[in-house]
2 protein chains.
Amino acid sequence: MVDIAGAGRTGRPTLAVVGATGAVGAVMLQILSQHADVWGDIRLIASPRSAGRKLTVRGEEVEVVALTEEAFDGVDVAMFDVPDEVSAQWAPVAAAKGVVVVDNSGAFRMDPDVPLVVPEVNPHAVRMRPRGIVANPNCTTLSMIVALGALHAEFGLRELVVSSYQAVSGAGRDGVETLRRQLSLVAGTELGTNPGDVRRAVGDDTGPFPEPVALNVVPWAGSLRDDGWSSEEMKVRDESRKILGLPQLPVAVTCVRVPVITTHSLTVHARFEGEVTVEGAREILATAPGVVLFDNPAAGEFPTPADVVGTDPTWVGRVRRALDDPTALELFVCGDNLRKGAALNTAQIAELVAAEFA
Amino acid sequence: MVDIAGAGRTGRPTLAVVGATGAVGAVMLQILSQHADVWGDIRLIASPRSAGRKLTVRGEEVEVVALTEEAFDGVDVAMFDVPDEVSAQWAPVAAAKGVVVVDNSGAFRMDPDVPLVVPEVNPHAVRMRPRGIVANPNCTTLSMIVALGALHAEFGLRELVVSSYQAVSGAGRDGVETLRRQLSLVAGTELGTNPGDVRRAVGDDTGPFPEPVALNVVPWAGSLRDDGWSSEEMKVRDESRKILGLPQLPVAVTCVRVPVITTHSLTVHARFEGEVTVEGAREILATAPGVVLFDNPAAGEFPTPADVVGTDPTWVGRVRRALDDPTALELFVCGDNLRKGAALNTAQIAELVAAEFA
């Protein structure tokens, strides 16, 4: 028997959340409980070892069911937040049953038959989904792309140079727990002033990271790709190009992990087709949906992860024109990597699809 | 009476260390004790409230004397590490007495009559000092410039886009103590996952920083300059141009503070006159004096502050050619901001001057 929440919401599409018990899944359930309710039933799906657990969504307890083909019976839209290989196997299974899959893994993002959608930037792309699958971008791309999309629409983007300051929750619960453990080892000590002292204190307890992340920054995220690039860096480049519809855009990226729990930050050097002004950029950012302009250094106002965590928008500060290039802007951007960076954008895409059922 | 160490080293120049009791001063004394000894007497000078303290240099106890005009009697070379306004007042006083001043403040760096010297990059500039003052660059500039100087000499630099990951000791002992206090507040907690929770825990205890720095990154260093730029960002641009002898070089910079005790890191996007190869860049970096190439991501090798702290060289990793521009390289660079970033480079400049006395 499949436990279903929301009986009585007839006529509305049925949603499945696949990967409901993960770090992003937990935020998804929060968001589903907070957003205007467009869904009929909501079914929670996870790995067999999580089946039977009860989770709360929209104020109701729902029992988690195991991921099987039958779990998709009667489902209209499914949001997947599971590892790449699980999505690669199961998203086509669901799609073959007529379910529209919104997938937050890396499995389909660069598939030319799968749109990669950010509702504030390219909402119409959601309808062009020959495989029945819509992809959600990587959290690092998502933490900046809404702001860049707004500026691109006005000024025409020509080049991006991006550096990330990525939070540990981008590596999941294990990333968060690893930083917490390491912080307990270094707090109240004099560590961080002698060669290798942090490494010796942390030992092999580096969790999902290649180096200690407490009192450190680590210029690596993801796996090794060609020519020394990391998979995370390639994602930011390739996904930005696809979302913005600029397949030739030059994008240079370096991804760096920092000891922050949640919220990715990025510095952005963006060059445009012609001359830009700070005033023009600020006007666009101040009115763009999904963007908060928080930029008054004289009053100590610029976004930091400590203030942005738990919020939905992309926060932008430190807006400056390049001193030596009137066509370029410098920005500092923060976005909650679990909300807009993952669960929120996935939910927004699913809501775009739900509107088709109206 | 002035207490002087090293009596008997006659014929060698006399050195004064002004600001001997500060964070950088402590590292200066270490370095003077470790380097080949080119100095005769070494005199330690500080503010009147520190006069009478005894510090160890070259294995000998030396009493600190107060900063007065007489303190420079018989001194040949003086290394200053004091606030800008103290240097602005006292460096000309010492220079008027014939002392060659090597100054680590921001007071003279952009003075056209004061050379700004990095011994690996522009050693000859040290002799052109009409005011008798030589300036030491800012720690952020110094953390990358040796590597960039080597690449520039071969390839010809055309543009820089730089983002910093700056350690708290760049803001002095107060910066370090502030992070230590904040770490004790956040360790063992669940802070960092809800909006404003770190800020509430830290309260007003943000020390020299405008925001909490534990579990956070803060896109601000220095004071507000024109058009939203920070003084630290302007220093990196202006000083890089002066040291490299490229007064028109486009340099875009965003400076960000991170919860690291010591060692500044930077991501660098560097565009050159013509096509570059990773192999060529690696060969230059592997043999450049003062540079360590540590770049093998397949083996988990890239520099991080935890390993670089306490060492002298500029460490370079993540060397990649831009995917969309064969004339550009991406680098991740780390340098100890208290050693090469301050005390070491100052000592190296002073040693260049000492050689003139031989």
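Reading guide: rules and limits
- Residues numbered from 1 in each chain as written.
- Chains lettered and ligands numbered in written order.
- Predicted model: local features only at pLDDT ≥ 70, side-chain atom pairs only at ≥ 80, totals over all residues.
- Heavy atoms only, no water.
- UniProt positions renumbered as here; feature names shortened; annotations may be inferred.
- Helix = DSSP H or I, 4+ residues; strand = E, 2+ residues; numbered from the N terminus.
- Buried < 20%, exposed > 50% of the residue type's maximum accessible area, 1.4 Å probe, protein only.
- Contact = heavy atoms within 4.5 Å.
- Polar contact = N/O pair within 3.5 Å; in protein donor to acceptor, adjacent residues only side chain to side chain.
- Least-squares fit on C-alpha atoms with pLDDT ≥ 70 in both.
- Pairing = 2+ DSSP bridges.
- Axes fitted to C-alpha atoms, helices over the stretch in contact; angles between N-to-C directions.

Peer 1: Which parts of the structure should I look at to understand the UniProt feature "binding site: substrate" (unreviewed entry) in chain A?
Peer 2: Residue and element names in this part refer to chain A. This chain's UniProt record puts "binding site: substrate" (unreviewed entry) on Gln 166 and Arg 257. Maximum C-alpha separation among the annotated residues is 4.6 Å over a sequence range of 92 residues, consistent with a single clustered spot. Position of Gln 166 among the secondary structure elements: in the loop between β9 (157-165) and α4 (172-186). Assessed through its relative accessible area of 1%, Gln 166 is described here as buried. Excluding residues that lie within four positions of it along the chain, Gln 166 makes contacts with Thr 140, Ala 221, Glu 232, Cys 255, Val 256, Arg 257, Val 258 and His 264. Examined against the element boundaries, Arg 257 turns out to sit in the loop between β10 (251-254) and β11 (264-272). Excluding residues within four positions of it along the chain, Arg 257 makes contact with Gln 166, Ala 167, Val 168, Gly 170, Ala 171, Phe 209, Val 213, Val 217, Val 218, Trp 220 and Ala 221. Here Ala 167 takes part through its backbone oxygen, which lies 2.9 Å from a polar atom of the side chain of Arg 257.

Peer 1: When you look at the environment of B:Ala347 in this model, what are you seeing that I'm missing?
Peer 2: Residues and elements named next belong to chain B. Mapped onto the elements, Ala 347 comes out in helix α9 (residues 339-355). The sequence separation of Ala 347 and Ile 31 amounts to 316 residues, and the corresponding C-alpha distance is 7.7 Å. In this structure, Ala 347 is in contact with Ile 31 and Met 79, ignoring residues within four places of it in sequence.

Peer 1: What is the right way to read the UniProt feature "domain: Semialdehyde dehydrogenase NAD-binding" (unreviewed entry) in chain A from this model?
Peer 2: According to UniProt, the positions carrying the feature "domain: Semialdehyde dehydrogenase NAD-binding" (unreviewed entry) are residues 14-129 of chain A. Between the end C-alpha atoms of residues 14-129 of chain A there is a gap of 19 Å, over a span that is 22% helix and 23% strand.

Peer 1: Would you mind showing me how to read the relation of the copies chain B and chain A here?
Peer 2: For the pair chain B and chain A, the best superposition has an RMSD of 0.0 Å and corresponds to a rotation of 180° with a translation of 0.0 Å parallel to the axis. Both copies are brought into coincidence by an operation consistent with a two-fold rotation axis.

Peer 1: Just to check I follow, could you spell out the sheet that holds β9(A) for this structure?
Peer 2: Sheets are built from strands paired through backbone hydrogen bonds, the pairs being either parallel or antiparallel. All names here are of chain A. Judged by pairing direction, the sheet is mixed, and its six strands sit side by side in the order β10-β9-β11-β14-β13-β12 without closing on themselves. Two strands bound the open sheet, and with one partner strand each, they are β10 and β12 (291-293). Averaged over all pairs of adjacent strands, the angle between strand axes in this sheet comes to 25°, irrespective of strand direction. Those strands touched by helix α7 (residues 278-287) are β12, β13 (314-321) and β14 (328-335), and its axis lies near 175° from that of β13.

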